[in-house]
Amino acid sequence: GGTLLLAGAVERRSLMVWPCSFHADLPPPLQLLSHAVSENGKPLEEPMDIIVTVTDQNDNKPQFTQEVFRGSVMEGATPGTSVMEVTATDADDALESYNGVVAYSIVSQVPAEPEKQMFAINRGTGVISVIASGLDRERVQEYTLVLEATDLDGKGLTTRGSAVIKIDDANDNAPQFSPSVYMAEVAENEADVEVTRLSVTDMDEAGSTAWRAVYTIVQGDEGGFFRISTDSESNEGILETAKSLDFEAKNQFVLQVAVTNQVPFAVKLPTSIATVTVNVRDVNEAPIFYPPVKTAEVSEDIPLGHEVTVYTAQDPDKMRSQKIKYFMENDRAGWLAIHPESGLITTRAALDRESYLVKNNTYEAVVLAVDDGSPPATGTGTLLLTLWDVNDNGPELERQEVTVCNTEPETQHLRILDKDQPPNTSPFRAKLTNNSDENWAVEMDAQGERCLGVSCVGRQGPSRRGFSLSASSTAPLLRVVEDLLSLFLRPPSALWRHGCAGGQLSASVIICTPCFSPMIPQRD
């Protein structure tokens, strides 16, 4: 017989590169061809195969696949909640032996609170789970576990690794006002101004939706005078006025403000409430005219010093004893005066409805009311004064110059105007004066608004004398008003002819007052 000896160490894993028909995960056996020979080298028998099976020895430690495993779990997670999975490998055989079967365990937990064992690991799968209640991010934000992987199903070679578990924040802490009572003051009549800021503390993770505060006014602002928002940087509540406050109406507000978070509470928690007392500071307010726009009506011919109306203002500062004085601010025509104490408005100059400052029979003036506060405050009111028309304007002719042919004169149609309003205008009357009717005739239309014609009636053709025309209104006159129209022919001497060819006669229109009758010029 012969003895088969190993010439060197056999590494089972190196055999894995050989093809194997037995099992894909097992190394093939060593197949040797041997034969016996004599001392002189002659074969003594036929060659034969020797099959050598290499058995595994537990000569490799398990190796974790990561240097540090990292996972996370929500605070407040209940026992049984899966956190993460760790893995380790072993180069030894795990099929025919337990050399490569790895078992997992937790060696230590840091910190060891609130329980020494907050987590457990499945010895076969490496899944880490929560086994105790009390995970609180505000108490412990992170756990470090020392892990152990042991082959031979926990009885062999050992290696260690680590796992870090981060505790995620849940909204399990309500924001709390600090302080919970506030005092503030704001001036009346000021909208959109900051009143005060409210501070809160929240143990949840800063910057998270479970930390960001949401403020609500829950009581004391029935009129909607305030609003509150959140400062995105400091998380403070900013209390502002939404509209103007009135000291005389209400000089103090007591507000109840509640605070929550952007996300709902994870558990049932009480809501923190703050009390904010806002005192309204009195300021000197301008007097207010009642009504702000006052209307009055008078005749345009009322005498100087006559009463027009009384226009007064009231001081909204009821807590103060102040006097008000009145002034005319905008009286462009200078027609009005106001008593500084009573607000009585009178005329100081003649009114004129036909003035260019009167629009649609209405004259506008602005009145001031000034109190004696410190500093003084001024209010304004508008007076719309309607002027009744009187017959204080005589008729006027639209055309102030006419042209008449010397030999073949045409009838002249003259329109009569009047600045007054009906019934102080048409129908008008027109008549020839100063013996003008010897050579001229005048006729009015049926409405009495236009001279249908001023025509020549003399036998010798157009007279070389002019004519005087008087136009007046048929309305009752408060004072005598007449417009005398004096027309006269003024042919240029160098162009004077008996025919139309060579020149025309020009008639000028002159408006005269009743106390002045111009001479009627003649041309020889």
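Our structure is the block above this text.
Everything quoted here is computed from the prediction, not taken from an experiment. (Residues numbered from 1 in each chain as written. Predicted model: local features only at pLDDT ≥ 70, side-chain atom pairs only at ≥ 80, totals over all residues. Heavy atoms only, no water.)

Once that is clear, we can look at the overall build of the protein. Secondary structure summary: the protein contains one helix and 38 strands in total. In the protein, which comprises 524 residues, the share counted as buried stands at 41%. Residue pairs in contact within the protein that sit at least 24 positions apart in sequence constitute 63% of those at least 6 positions apart. Taken as a whole, the protein presents about 29500 Å² of accessible surface, with 50% of it coming from carbon and sulfur. (Helix = DSSP H or I, 4+ residues; strand = E, 2+ residues; numbered from the N terminus. Buried < 20%, exposed > 50% of the residue type's maximum accessible area, 1.4 Å probe, protein only. Contact = heavy atoms within 4.5 Å. Areas by Shrake-Rupley, 256 points an atom, 1.4 Å probe, with all protein chains shown as cover.)

Moving on, we get to the environment of F119. Mapped onto the fold, F119 is located in strand 8 (residues 119-121). Judged by its relative accessible area of 3%, F119 is buried. With 10 residues separating them in the primary sequence, F119 and Q109 have C-alpha atoms 8.3 Å apart. Discounting chain neighbours no more than four positions away, the residues touching F119 are V83, I106, Q109, I128, S129, V130, I131, L135, Y143, L145 and I165.

This next bit is on the side chain of R353. Inspection of the secondary structure assignment puts R353 in the loop between strand 27 (344-347) and strand 28 (362-371). Polar side-chain contacts of R353 include one of 2.7 Å to the side chain of N361. Apart from residues lying up to four places away in sequence, R353 is in contact with E300, V358, N361, L387, W388, D389, K419, D420 and Q421. (Polar contact = N/O pair within 3.5 Å; in protein donor to acceptor, adjacent residues only side chain to side chain.)

By size, the foremost hydrophobic cluster in this structure holds 25 residues, and its most contacted members are F119, I128, L135 and I165. Elements with a minimum of two residues in this core: strand 4 (68-74), strand 5 (82-85), strand 8, strand 9 (127-130), strand 10 (142-150) and strand 11 (158-168). In this view, I128 contacts S82, V83, M84, V86, F119, A120, I121, L145, L147, A163 and I165; residues no more than four positions away in its chain are not counted. (Core = buried A, V, L, I, M, F, W, Y, C linked by side-chain atoms within 4.5 Å.)

Glancing now at unusual backbone geometry. A negative phi angle characterises most non-glycine residues, just as the trans form characterises most peptide bonds. E113 connects to P114 through a cis peptide bond whose omega is 0°. Here P114 lies in the loop between strand 7 (103-110) and strand 8. The omega angle of the peptide bond from Y290 to P291 is -5°, so this bond is cis rather than trans. Along the polypeptide, P291 turns up in the loop between strand 21 (288-289) and strand 22 (293-299). Unlike most non-glycine residues, N189 shows phi in positive territory, near 70°. Its place among the elements puts N189 in the loop between strand 13 (181-187) and strand 14 (194-198). Non-glycine residue N235 carries a positive phi angle of around 70°. Structurally, N235 is set in the loop between strand 17 (226-230) and strand 18 (237-241).

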